[in-house]
Amino acid sequence: MADYVLAIDQGTTSSRAIIFDKAGSIISTGQLEHEQIFPKAGWVEHDPAEIWRNTGEVIGQALGRANLTRHDIAAVGITNQRETAVVWDRRTGEPVYNAIVWQDTRTQPIVDRLAADGGVERFKQDVGLPLATYFSGTKIVWILENVPGAREKAEAGDLLFGTTDTWVLWNLTGGVDGGVHATDVTNASRTMFMDLETLGWRDDILAAFGVPRSMMPEIRSSSEVYGAANEHSLLRGTPIAGILGDQQAATFGQAAFDAGEAKNTYGTGNFLIFNTGEEIVHSRNGLLTTVGYKLGDQPVHYALEGSIAVTGSLIQWLRDNLGLISSASEVEALANSVEDNGGAYFVPAFSGLFAPYWRPDARGALVGLTRYVNKGHLARAAHEAIAFQTRDVVEAVNADAGIDLTELRVDGGATANDTLLQFQADILGVPVVRPVVAETTALGAAYAAGLAVGFWSGLGELAQNWQEDRRWTPAMDEAERERLDRNWKKAVTKTLDWVDEDVA
Ligand SMILES: Nc1ncnc2c1ncn2[C@@H]1O[C@H](COP(=O)(O)OP(=O)(O)O)[C@@H](O)[C@H]1O
Ligand SMILES: O=P(O)(O)OC[C@H](O)CO
């Protein structure tokens, strides 16, 4: 058998291809950023054609840098930014509109319309999600209602919907020449349309949204052969055998396979996933219920999730919108130019507040400002905002699960930041632990694909690959921790109720 597995990680800011060996070590990487398109306040789009082009290029980069060919690759896994919606014409392969990204808030009026009957929790018992702009469902509705001719084409069965896993899979397996139109249970669980019990599309919810069933991809497990790369790909003939939404993939890559295990990823946003095993747990504290993973015909694993919209993107905002730093990694030194936050708290409610608050009417705020506050304090407040938001979510997990997490496994781009992770441990009061392979998202997709083709024997073998790289232990006294957190929670209250008819 070939010696490697290749994972495609189609993320919010970039697409990567990463080749792993049997020990789960990285052999080579290709990576390209794509344009973030902001046509109006609150709108965030990507060009699906650029994403597909970049995917092909990063595959070439990863193979080329390791001097490998498709013959060395046993299987391909796909992982992706979740919820981002692409709608395209099945006959031409052309998207009818840009991809509407998970952070986009334009569909709030559609959410309000649907919530008029039964509130935002209208479908939560069935699909695990409140009505919110975050999920794919209302994005599809927006395209059908706003792109000329889209509704008619969709009714005629000519349009396909997919999250970016589906878009990449369909193109990789041939596109208009017989591309496979499928997704996995984890991505399907982020649409608003998948029943958590049956793992099938809910016709009644599709009808309530006005989305034709013919647009929807087939729901498959996270680990099985969906098809093979077609003749135009450098990977031609290679089985595509794993799909997981990126946060579930990171959980899998962290070997958090069993109930009670959790991970927190620090990327564009932060996403804490807590594995609840075969049990569907409905949150009473603002968490989502979602699918964790499903390997072939084995039982499904569910999870609770705390999704935070703005964390690493706050650092990007300091860089791109304020020009305080010229690269994300500089933010740490800027924060360390001061002793503390100087009394400033930064609540980055740029897309409203996600978990555990779910307040679309919130907008970002910097509070506690005096003339004393300088840019170092702002950088520190931005670090702290990431950690405080994570504490809010950990508190919700502890309350829902009736336990106290005893440590937090972390990964993602921002975990390169030592100051952030020390403050995280301080404000949580539990150790924070980072594994050697911090690219857990791609690793999880590689694992799912490799398991399906027998490259790895089972979960036991994968768990042995997990190795601790570094651990941060709490060093703050309890009274200080609680004082800071009380201030944070007070700052959050200042951002609520901001959006009204005068502001919207
Ligand atoms: N040293 C750092 N300190 C804080 N944030 C960082 C640092 N390095 C990168 N980031 C942030 O991490 C994010 C990139 O992480 P990554 O895991 O690649 O994200 P994604 O998968 O969402 O594209 C960016 O939002 C960036 O601002
Ligand atoms: O691409 P990321 O890593 O920012 O992840 C995005 C999430 O999947 C959105 O739910």
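Here's a quick rundown of the structure. (Residues numbered from 1 in each chain as written. Chains lettered and ligands numbered in written order. Predicted model: local features only at pLDDT ≥ 70, side-chain atom pairs only at ≥ 80, totals over all residues. Heavy atoms only, no water.)

What follows deals with the site of ligand 1. Surrounding ligand 1, one finds 15 residues, the nearest of these being Thr13, Arg16, Thr268, Gly312 and Gly413. One of the backbone N or O atoms of Gly312 is found 2.9 Å from an oxygen atom in ligand 1. A distance of 3.0 Å separates a nitrogen atom of ligand 1 from a polar atom in the side chain of Asn417. In the shell around ligand 1, the residues fall into four nonpolar, 10 polar and one charged. (Near = heavy atom within 4 Å. Polar contact = N/O pair within 3.5 Å; in protein donor to acceptor, adjacent residues only side chain to side chain. Nonpolar A, V, L, I, M, F, W, Y, C, P; charged D, E, K, R; others polar.)

Attention now moves to the packing of helix 1 (residues 48–65) against helix 6 (residues 164–172). It is the contact of helix 1 with helix 6, at a shortest axis distance of 10 Å, that shows an interaxial angle of 60 degrees. When the axes of helix 1 and helix 6 are compared, the pair comes out oblique. Between helix 1 and helix 6 the crossing geometry is right-handed. Taking contact as the criterion, the partners of Pro48, Ala49, Ile51, Trp52 and Thr55 in helix 1 are, on helix 6, Trp167, Val168, Asn171 and Leu172. Partitioned by chemical class, the residues of the contact of helix 1 with helix 6 number seven nonpolar, two polar and no charged. (Axes fitted to C-alpha atoms, helices over the stretch in contact; angles between N-to-C directions. Helix = DSSP H or I, 4+ residues; strand = E, 2+ residues; numbered from the N terminus. Parallel < 35°, antiparallel > 145°, perpendicular 65-115°, else oblique. Left-handed = near helix turned anticlockwise from the far one by under 90°. Contact = heavy atoms within 4.5 Å.)

This part is about the side chain of Asp485. Following the sequence through the fold, Asp485 ends up in helix 16 (residues 478–495). Within the structure, Asp485 has its side chain in polar contact with the side chain of Arg391 (distance 3.3 Å). Setting aside residues no more than four positions away along its own chain, Asp485 makes contact with Phe388, Arg391 and Glu395.

By the definition in use, this model includes 36 salt bridges. Two residues, Glu482 and Arg391, come together in a salt bridge whose shortest N-O distance is 2.9 Å. Here the residue Glu482 occupies a position in helix 16, and Arg391 occupies one in helix 12 (residues 375–401), the gap between them amounting to 91 residues. The exposure class of Glu482 is partly exposed, given its relative accessible area of 26%. In this structure, the salt-bridge partner of Arg481 is Glu478, at a minimum N-O distance of 3.1 Å. Here Arg481 and its partner Glu478 are both found in helix 16, three residues apart, which amounts to about one turn of the helix. Overlapping salt bridges bring together Arg391, Asp392, Glu395, Glu482, Asp485 and Lys489 as one network. (Salt bridge = Lys/Arg side-chain N within 4 Å of Asp/Glu carboxyl O. Buried < 20%, exposed > 50% of the residue type's maximum accessible area, 1.4 Å probe, protein only.)

What follows is about the layout of surface pockets. Its boundaries defined by the atoms lining it, the second largest pocket holds a volume of some 710 Å³. Contributing to the lining of the second largest pocket are 35 residues, with Gln108, Thr133, Arg359, Pro360 and Arg363 lying nearest its centre. Looking at which element gives the most residues to the lining of the second largest pocket, the answer is helix 2 (residues 108–115), with four residues. Of the residues in the lining of the second largest pocket, the class split is 19 nonpolar, nine polar and seven charged. (1 Å grid on protein atoms, 1.4 Å probe; cavity = no way out; pocket = protein on both sides within 12 Å on 5 of 7 lines; lining within 4 Å. Points joined across faces, edges and corners; volume = space filled by probe spheres on them.)

The environment of ligand 2 is made up of Gly11, Thr12, Gln81, Arg82, Glu83, Trp102, Tyr134, Asp246, Gln247, Thr268 and Phe271. Within the side chain of Arg82, a nitrogen or oxygen atom sits 2.9 Å from an oxygen atom of ligand 2. Contacts to ligand 2 include Asp246, whose side-chain N or O atom sits 2.5 Å from an oxygen atom. In isolation ligand 2 exposes 310 Å². Once the protein is present, 92% of that is buried. Split by residue class, the shell around ligand 2 holds three nonpolar, five polar and three charged. (Areas by Shrake-Rupley, 256 points an atom, 1.4 Å probe, with all protein chains shown as cover.)

A separate point is the pairing of strand 13 (residues 262–266). In terms of residue burial, strand 13 counts as a mostly covered element, since five of its five residues are buried. Side chains Ala262, Asn264 and Tyr266 project from strand 13 onto one buried face, and the interleaved Lys263 and Thr265 project onto a second face that is buried too. With five bridges connecting them, strand 13 and strand 14 (residues 270–277) associate as antiparallel partners. Bridge assignment links Thr265 to a residue of strand 14, and that residue is Phe271. Two successive antiparallel strands, strand 13 and strand 14, enclose a turn made up of three residues. Alignment of strand 13 against strand 19 (residues 408–411), held across two bridges, turns out to be parallel. (Pairing = 2+ DSSP bridges.)

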